[in-house]
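Structural characterization, general
Okay, here's what each chain looks like letter by letter:
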Amino acid sequence: MFPFSFQKAHNEQDAIRAATAGARYIAGGTTLIDLMREEVERPERLVDINALPLSEIRADGADLIIGALARMSDVAAHSATRRLQPLIAEALIEGASPQLRNVASIGGNLMQRVRCPYFRMLDAACNKRDPGTGCSAIDGLNNGHAILGTSDHCVATHPSDLAVALVALDAKMKVRGHNGDRVFPVEDLYRLPERTPHLEHTLAPGELIVEVSVPGGPHAHRARYLKVRDRSSYEFAIVSAAAAINIERGVIRDVRIACGGVGTRPWRMRDCEQALVGKAPVRQAFETAARLSLDGAKPLSGNRYKLELLPRTIVRALEMAGEMS
């Protein structure tokens, strides 16, 4: 056991001040506590932010506003979520067991760390955990690893189902730090590994996620999340797809697609989207567009099957979304 200090923040200023000085935020703790037990992470200070007033879930016109400390289960069950953004509810339910959803916060879910087994094995080389040591997954067991956005330094997939849905829906997040507030797309939270896989996000030291806003629109009512996994109970995605589609008079006017389980961050499929606008919502069009998802893919020895599974998952998610009324 290693020593660490623990404090409860009673206001945002106390929390930001502590985190700027090196403390780690903790809310549900469903990832951080596990990593501390395994000694993958050894923070010297923790600051509990559960007392902060950041748990509100509300509608703002057609937009959905989610406080960063709202629990996954509360967001999934909320009437505003189900009415305005059913894709968010579906991704949250698919993303964790009921026990975890009752504890885990929205901000924590977006900030969770990778599930690569080598990241959690202290005797394995891992540039994300110990920069400069190498990546054991590249020549090791890599059937669950990424084929998009990889580098010679890291091939770990991003684990959040919620993040995939939020990226597909062009959600934005508000963060607060000692220099004030800033708002940016959720997609821009995540870095590609490149040569610095230990730098996973774009938050400045001490910045606190305050809320996530999800814009509404006709596409939001025809939206589905499809997750392929090794077992039907709680498990991380092998491949997942979030699809939202607006169809008017038999023609696709707008479509949003993002995928998980295949990229080093939630992967927006903009080439697929552009190929579908103006087309009829039929399987042939879906299949032609879905093949574009493989542009730039770099499979490893154990995950070549994703080259087939990824387009098939996108096609089925689009079909499911198109079937909604």
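Preceding this section is the structure that the text describes.
Residues numbered from 1 in each chain as written. Predicted model: local features only at pLDDT ≥ 70, side-chain atom pairs only at ≥ 80, totals over all residues. Heavy atoms only, no water.

A few points about the overall build of the protein chain
A tally of helices and strands in the protein chain yields eleven helices and twelve strands. Relative to the 2.2 N^0.38 estimate, which gives 20 Å for 325 residues, the radius of gyration of the protein chain is 19 Å and therefore close to what a compact globule would have. In terms of its C-alpha atoms, the protein chain occupies a principal-axis envelope of roughly 60 × 50 × 35 Å. The burial tally for the protein chain puts 52% of its 325 residues in the buried class. A fraction of 63% describes how many contacts in the protein chain between residues 6 or more apart in sequence connect residues 24 or more apart. (Helix = DSSP H or I, 4+ residues; strand = E, 2+ residues; numbered from the N terminus. Rg over C-alpha atoms; globule rule 2.2 N^0.38 Å. Buried < 20%, exposed > 50% of the residue type's maximum accessible area, 1.4 Å probe, protein only. Contact = heavy atoms within 4.5 Å.)

Focus: the side chain of Ser-240
Tracing the chain through its elements places Ser-240 in strand β10 (residues 239-248). On the basis of relative accessible area, Ser-240 is assigned to the buried category, the value being 0%. Side chain to side chain, Ser-240 and Tyr-225 meet in a polar contact 2.9 Å long. Once you skip the residues sitting within four places of it in the chain, Ser-240 turns out to touch Val-164, Tyr-225, Leu-226, Lys-227, Ala-258, Cys-259, Gly-260, Gly-261 and Thr-313. (Polar contact = N/O pair within 3.5 Å; in protein donor to acceptor, adjacent residues only side chain to side chain.)

Topic: the pairing of strand β3 (residues 45-48)
Bridge count for strand β1 (residues 5-8) against β3 is four bridges, and the pairing is parallel. Following the sheet pairing, Gln-7 is matched in β3 by Val-47. Between the parallel elements strand β2 (residues 24-26) and β3, the chain passes through helix α2 (residues 32-37) in a crossover that is right-handed. (Pairing = 2+ DSSP bridges. Right-handed = clockwise from strand over helix to strand, strands pointing away.)

A short note on the sheet that holds strand β9 (residues 223-228)
Across the sheet, four strands lie side by side as β9-β10-β11-β12; this open sheet has antiparallel pairing. Of all the strands in the sheet, just β9 and β12 (267-268) have a single pairing partner and so form its edges. When β9 meets β10, the two strands line up antiparallel, connected through six bridges. Across the sheet, residue Tyr-225 finds its bridge partner in β10, namely Ala-242. Helix α5 (residues 86-95) rests against β9 and β10 of the sheet, and its axis sits at about 20° to β9. (Axes fitted to C-alpha atoms, helices over the stretch in contact; angles between N-to-C directions.)

Some remarks on the state of the cysteines
Two cysteines whose sulfur atoms are joined by a covalent bond form what is called a disulfide. The tally for this structure, following the rule as stated, stands at zero disulfides. No disulfide involves Cys-135; its sulfur sits 5.6 Å from that of Cys-154, the nearest cysteine. With no disulfide of its own, Cys-272 lies closest to Cys-259 among cysteine sulfurs, the gap being 7.3 Å. (Disulfide = S-S within 2.5 Å.)

A closer look at the packing of helix α10 (residues 283-290) against helix α11 (residues 306-322)
Following both chains from N to C, one finds α10 and α11 inclined at 140°, their axes separated by 9 Å at the closest point. Taken together, the axes of α10 and α11 are oblique relative to one another. As α10 packs across α11, the resulting crossing turns out to be right-handed. Touching Arg-283, Phe-286, Glu-287 and Ala-290 of α10 are Pro-311, Ile-314, Val-315, Leu-318 and Glu-319, all from α11. When the residues that make up the contact of α10 with α11 are grouped by side-chain class, the tally is six nonpolar, no polar and three charged. (Parallel < 35°, antiparallel > 145°, perpendicular 65-115°, else oblique. Left-handed = near helix turned anticlockwise from the far one by under 90°. Nonpolar A, V, L, I, M, F, W, Y, C, P; charged D, E, K, R; others polar.)

Focus: the pairing of β10
Burial analysis of β10 places nine of its ten residues in the buried class, the great majority of the element. Of the strand pairs in this sheet, β10 and strand β11 (residues 251-260) are connected by nine bridges, and their pairing is antiparallel. From the neighbouring strand, Asn-246 faces β11, where its bridge partner is Asp-254. Hairpin connection from β10 to β11: two residues lie between these consecutive antiparallel strands, with Arg-249 at a positive phi of about 55°.

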